[in-house]
Amino acid sequence: MSTLSPRPAPAAPRALPAPTGGGFPGAVRAEWTKLRSLRSPYICLSAGALLTVVFTFYYGSIARINDHPVQPLGNAAVASVVLVQFAVVVLAMVAVTSEYTTGSVRSSLLWVPVRRHVLLAKSLVAGVVGFGAGLLYAVLGMAVAWPSFDGHATFDAAEATARALAMAAVLALTAVLSVGVSFALRNAAGALSALFGLLSALPALCVGLGGTFLLTVDSYLPQTAGGHFMLGDGGAPYPRWAGLLIVAAWAAVAQLAGRALLVRRDA
């Protein structure tokens, strides 16, 4: 009588590796893809370029017509920041508020469940775009202003490069600040009103009313501090490099506010 051999046990199924996702680099790539697929960033950047051309030509022409003292060419580009910064502000703001308006922010938070990564990824992308825009506007502004100055400006390559990089750094931080405010307020009208008040209306109010206290307050607002950093004219109550740190501090406060509300509130 033959004996039956035992049937071999079935092989255990091979364990598949757990999905890890794209992490923070994946979130950055997603935000970059979303931003460049929209029309609004191109409109904002084009509007900023147009404002740069008009403002810097006007600046140089006024210096020539009124026979102003000879000044560095980069002054024209730096002075245009008071207007062109809002091209970067709106670009960064729309990257956030448009998702809340359409409800697509829910998908973004599902794809990137670590909410602070969404904020940081948008801030990084907006900051890089703001830096590039600052370089572009600085070069474009100096190129347009040079003939309109007609001898009332000097050009030094090292000085012009320093002004361009300073302008790019300030606009990058302005973009990061705008992202933080937009996450905190979520609404386009509210975010734009708050940013306009902080970057333009409040400095104008402080300078218009005058007085030691208000002028001191104005020197620590982001637009004025950024201007002191870009110009390095010695008119600030702090060293030139401190101007950039003040703008960075404003951006950090906006980021912390945006992060706190993003983590606590539902989309």
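One structure accompanies this document, and this report is about it. Everything numeric in this text was worked out from a predicted model, so none of it was measured. (Residues numbered from 1 in each chain as written. Predicted model: local features only at pLDDT ≥ 70, side-chain atom pairs only at ≥ 80, totals over all residues. Heavy atoms only, no water.)

## Regarding the nonpolar core
Part 1 of the reasoning: Counting 47 residues, the largest nonpolar core has Y137, M142, F149, M167, V179, F183 and M230 as its most contacted members.
Part 2 of the reasoning: Contributions of two or more residues to this core are made by α1 (23-36), α2 (40-65), α3 (74-79), α4 (81-102), α5 (105-111), α6 (115-149), α7 (157-185) and α10 (222-231).
Part 3 of the reasoning: At twelve residues, the largest contribution of residues to this core is made by α6.
Part 4 of the reasoning: Residue contacts for M230: discarding those within four places in its chain leaves V78, V81, R163, A166, M167, V170 and R240. (Core = buried A, V, L, I, M, F, W, Y, C linked by side-chain atoms within 4.5 Å. Buried < 20%, exposed > 50% of the residue type's maximum accessible area, 1.4 Å probe, protein only. Helix = DSSP H or I, 4+ residues; strand = E, 2+ residues; numbered from the N terminus. Contact = heavy atoms within 4.5 Å.)

## Brief notes about the environment of A225
Part 1 of the reasoning: Residue placement: A225 occurs in helix α10.
Part 2 of the reasoning: Classification of A225 as buried rests on a relative accessible area of 0%.
Part 3 of the reasoning: Excluding residues within four positions of it along the chain, A225 makes contact with S219, Y238, G243, I246 and V247.

## Structural notes on the packing of α7 against α10
Part 1 of the reasoning: The interhelical angle for the contact between α7 and α10, taken along N-to-C directions, is 160°, at an axis separation of 8 Å. Judged on the interaxial angle alone, α10 and α7 are roughly antiparallel. By crossing handedness, the relation of α7 to α10 is classed as right-handed. Taking contact as the criterion, the partners of R163, A166, M167 and V170 in α7 are, on α10, G226, F229, M230 and L231.
Part 2 of the reasoning: Residue composition of the contact of α7 with α10, by class: six nonpolar, one polar and one charged. (Axes fitted to C-alpha atoms, helices over the stretch in contact; angles between N-to-C directions. Parallel < 35°, antiparallel > 145°, perpendicular 65-115°, else oblique. Left-handed = near helix turned anticlockwise from the far one by under 90°. Nonpolar A, V, L, I, M, F, W, Y, C, P; charged D, E, K, R; others polar.)

## Describing the packing of aromatic side chains
Part 1 of the reasoning: Counted according to the given criterion, the structure contains five aromatic pairs.
Part 2 of the reasoning: Seen in terms of ring centroids, Y59 and F149 are 6.0 Å apart; in terms of plane orientation they differ by 80°. Their pairing is edge-to-face. Note that Y59 is positioned in helix α2 and F149 in helix α6, a separation of 90 residues in sequence.
Part 3 of the reasoning: The rings of F55, Y59 and F149 are connected pair by pair, giving a single aromatic cluster.
Part 4 of the reasoning: The lysine or arginine in question, R240, covers the ring of F229, its NZ or CZ lying 5.8 Å from the ring centre. (Phe/Tyr/Trp six-rings, centres within 6.5 Å; stacked < 30°, edge-to-face > 60°. Lys NZ or Arg CZ within 6 Å of the ring centre and 35° of its normal.)

## Considerations on empty space enclosed by the protein
Part 1 of the reasoning: Taken as a whole and assessed by the stated rule, the structure comprises one cavity of 30 Å³ or more.
Part 2 of the reasoning: Reported here for the largest cavity is a volume of approximately 50 Å³.
Part 3 of the reasoning: As for the largest cavity, its lining consists of V81, Q85, V170, T174, L199, P222, Q223, G226, G227, M230 and V247.
Part 4 of the reasoning: Of all the secondary-structure elements, those providing two or more residues to the lining of the largest cavity are α4, α7 and α10.
Part 5 of the reasoning: No other element matches the five residues that α10 contributes to the lining of the largest cavity. (1 Å grid on protein atoms, 1.4 Å probe; cavity = no way out; pocket = protein on both sides within 12 Å on 5 of 7 lines; lining within 4 Å. Points joined across faces, edges and corners; volume = space filled by probe spheres on them.)

## Here we look at the layout of surface pockets
Part 1 of the reasoning: Considering only enclosed or pocket space, the largest pocket measures out at about 260 Å³ in volume.
Part 2 of the reasoning: Lining the largest pocket are 13 residues, and of these V78, A79, Q223, G227 and L231 sit closest to its centre.
Part 3 of the reasoning: Looking at the lining of the largest pocket, the elements with two or more residues in it are α3, α4 and α10.
Part 4 of the reasoning: Looking at the lining of the largest pocket element by element, the count peaks at six residues for α10.
Part 5 of the reasoning: When the residues that make up the lining of the largest pocket are grouped by side-chain class, the tally is seven nonpolar, five polar and one charged.
Part 6 of the reasoning: Quantified by volume, the second largest pocket comes out at close to 190 Å³.
Part 7 of the reasoning: Examining the composition of the lining of the second largest pocket, we find that five residues originate from one element, α4, more than from any other.

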